[in-house]
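Examining the three-dimensional arrangement
Here's the letter readout for the chains.
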Amino acid sequence: MKLFRSLSILSVLICCFCTPNSNNKIDKNESIVISIDNSETFMEEDFLNIFQLESIVELNAPEGFYAAEITKAIITKKNIIVFDVKIGQILNFTSDGEFINNVVEKGDGPTEMSAINNFAYDSKKEELYVIGPGNMQVKIYKLDGTFVRNFKMDTQADHIALLGDKPVLTLTYFNPYFKYLSILDSNGDTLKTAFPFPKETFPIGLHHISGNLTRSNSGGVLVNEPASSTVYSLGNDLKLTPKYKFVASGDFWPEEDRHELNAYFEKLATGNLTFLSKYYEETDSYFFFNLNAKKKGGRLYVVDPRMGFYNILTGKSYLSNSEKFLMDLTGPIAVDGNSFFAYISKLKLSELVNSDEKWKTVMADFPEIRILEKADYDTPVLLKFGVK
């Protein structure tokens, strides 16, 4: 019965949202504490009071590749590469949003993939590292879709990032190491595993809600465990150090209970829990993040995503107030300079502009996006925001 309740809770949240070296040492360097209780260093404002819209890119894909839900993006000078979780495709666009190609062909052949979980991008070689569910291997492709090579893994993975040419993976909870993180060499051999968890842990898809891998501003990788409010930095020396830690009296799930996932979902269902979502990105000046805020006052819904940032230079943080449109805005999913990108569907953006005078005023500066134009299908829009 408890499992059924947990699965039901998860479905609601998702709709809105060993032979190898087992060195698990984590350096206990002092992390940056982001206290949402401290009104001197943590402020809440309306979204458009802390962020300004800098640019808009509508991703125009041809029939057969209608993008539906962008959950990851890589931004280069010439390309926008996105992963659409709904259609299970990695799509390559020009920087102006014009479709170039589908990178990975679907299928069961040696150069194809039947499904995709995640990808990472090697900017030096212009290659994509791709992983998929039920597929214990990493396949590497050029941007034009040319298959380069593949190598096997010992287990399945949910997320992937690159530390130089070393794949960094968050593993499914059903793996032989009973560890959450694995670092491989360029041939797929395991160099290190970290973040152990109890053998009886059953994740029930927690990776859809929290837990992430992304690039750090120093060229390393940022990672956090699901149900954890601490983000770690992984350096080229393969050492893990806690970098950001969110704290508040009674708001966050206790760090020592992060593997008690049934109880975690039970608490989520009440709305009385603040948690770090799987979306966060770092630049030289800012750590952008997405927090699902604890229910307060007369709010009637459990899911309340907010976007905010920690200013690395001043030590102060800002979080957006509760606003309905944030349930339709996914991000931060990528960064460029000191700005971040978020995804929204064109249909939802059109509804927002028609119902909110502030957004109508903001969008007036971007007449090239014909937001009221009707189409036979919806299209994804990437919004680039900077800090005011």
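What comes next concerns the included structure. What you see is a predicted model, and the numbers here were worked out from it, not measured in a lab. (Residues numbered from 1 in each chain as written. Predicted model: local features only at pLDDT ≥ 70, side-chain atom pairs only at ≥ 80, totals over all residues. Heavy atoms only, no water.)

1. Comments concerning the overall build of the protein chain
For the protein chain, the helix and strand inventory stands at five helices and 26 strands. Residues classed as buried in the protein chain amount to 54% of the 388 residues present. Split by element, the accessible area of the protein chain, about 17100 Å² in all, is 49% carbon and sulfur. (Helix = DSSP H or I, 4+ residues; strand = E, 2+ residues; numbered from the N terminus. Buried < 20%, exposed > 50% of the residue type's maximum accessible area, 1.4 Å probe, protein only. Areas by Shrake-Rupley, 256 points an atom, 1.4 Å probe, with all protein chains shown as cover.)

2. Observations concerning the nonpolar core
Nonpolar side chains in soluble globular proteins tend to be buried together. Core analysis: the largest hydrophobic core is formed by 27 residues, its most contacted members being Phe 47, Phe 51, Leu 329, Leu 349, Trp 359, Leu 383 and Phe 385. At the level of secondary structure, the elements contributing two or more residues to this core comprise helix 2 (47-50), strand 3 (51-58), strand 21 (286-292), strand 22 (305-311), strand 25 (339-345), helix 4 (346-355), helix 5 (357-363) and strand 26 (380-387). When residues in this core are grouped by element, the largest group, four residues, is from strand 26. In terms of nonpolar packing, the next biggest core, distinct from the first, is built from 17 residues, Leu 163, Ile 183, Phe 195 and Leu 240 among them. (Core = buried A, V, L, I, M, F, W, Y, C linked by side-chain atoms within 4.5 Å.)

3. Re the environment of Ala 364
Among the structural elements, Ala 364 can be located in the loop between helix 5 and strand 26. Under the relative-accessibility criterion, Ala 364 is labelled exposed at 54%. A sequence separation of 11 residues divides Ala 364 from Val 353, and the C-alpha atoms of the two residues are 9.7 Å apart.

4. Structural notes on the packing of aromatic side chains
Throughout the structure, instances matching the rule amount to 27 aromatic pairs. Relative to Tyr 264, the ring of Trp 253 has its centre 5.6 Å away and its plane inclined at 80°; by these criteria the two rings are edge-to-face. Placement of the pair is Trp 253 in the loop between strand 19 (240-247) and helix 3 (261-270) and Tyr 264 in helix 3, with a sequence separation of 11 residues. Overall, the relative accessible area of 13% leaves Trp 253 in the buried class. Ring pairs connect the aromatic residues Phe 47, Phe 51, Tyr 286, Phe 288, Phe 309, Tyr 318, Phe 325, Phe 340, Trp 359 and Phe 385, which therefore count as one cluster. Here Lys 72 stacks its cationic end above the ring of Phe 119, 5.2 Å away from the centre of that ring. (Phe/Tyr/Trp six-rings, centres within 6.5 Å; stacked < 30°, edge-to-face > 60°. Lys NZ or Arg CZ within 6 Å of the ring centre and 35° of its normal.)

5. Description of the pairing of strand 9 (residues 127-132)
Burial runs high along strand 9: six of the six residues are buried. Burial of strand 9 is two-sided: the residues Glu 127, Tyr 129 and Ile 131 facing one way and the residues Leu 128, Val 130 and Gly 132 facing the other way are all buried. Counting the residues between successive antiparallel strands, the hairpin from strand 8 (residues 118-122) to strand 9 contains four residues, one of them, Glu 126, with a positive phi of roughly 55°. Linkage of strand 9 to strand 10 (residues 135-142), two consecutive antiparallel strands, is achieved through a turn of two residues, within which Gly 134 is found at a positive phi near 70°. (Pairing = 2+ DSSP bridges.)

6. Quick word on the sheet that holds strand 13 (residues 166-171)
Strand order in the open sheet formed by four strands is 12-13-14-15, with antiparallel pairing between adjacent strands. Looking at which strands have only one partner, the edges of the open sheet turn out to be strand 12 (157-163) and strand 15 (190-196). Averaged over all pairs of adjacent strands, the angle between strand axes in this sheet comes to 20°, irrespective of strand direction. The pairing of strand 12 with strand 13 spans six bridges and is classified as antiparallel. Within strand 13, the position partnered with Leu 163 by the bridge is Lys 166. (Axes fitted to C-alpha atoms, helices over the stretch in contact; angles between N-to-C directions.)

Just geometry here; none of it tells us what the structure is for.
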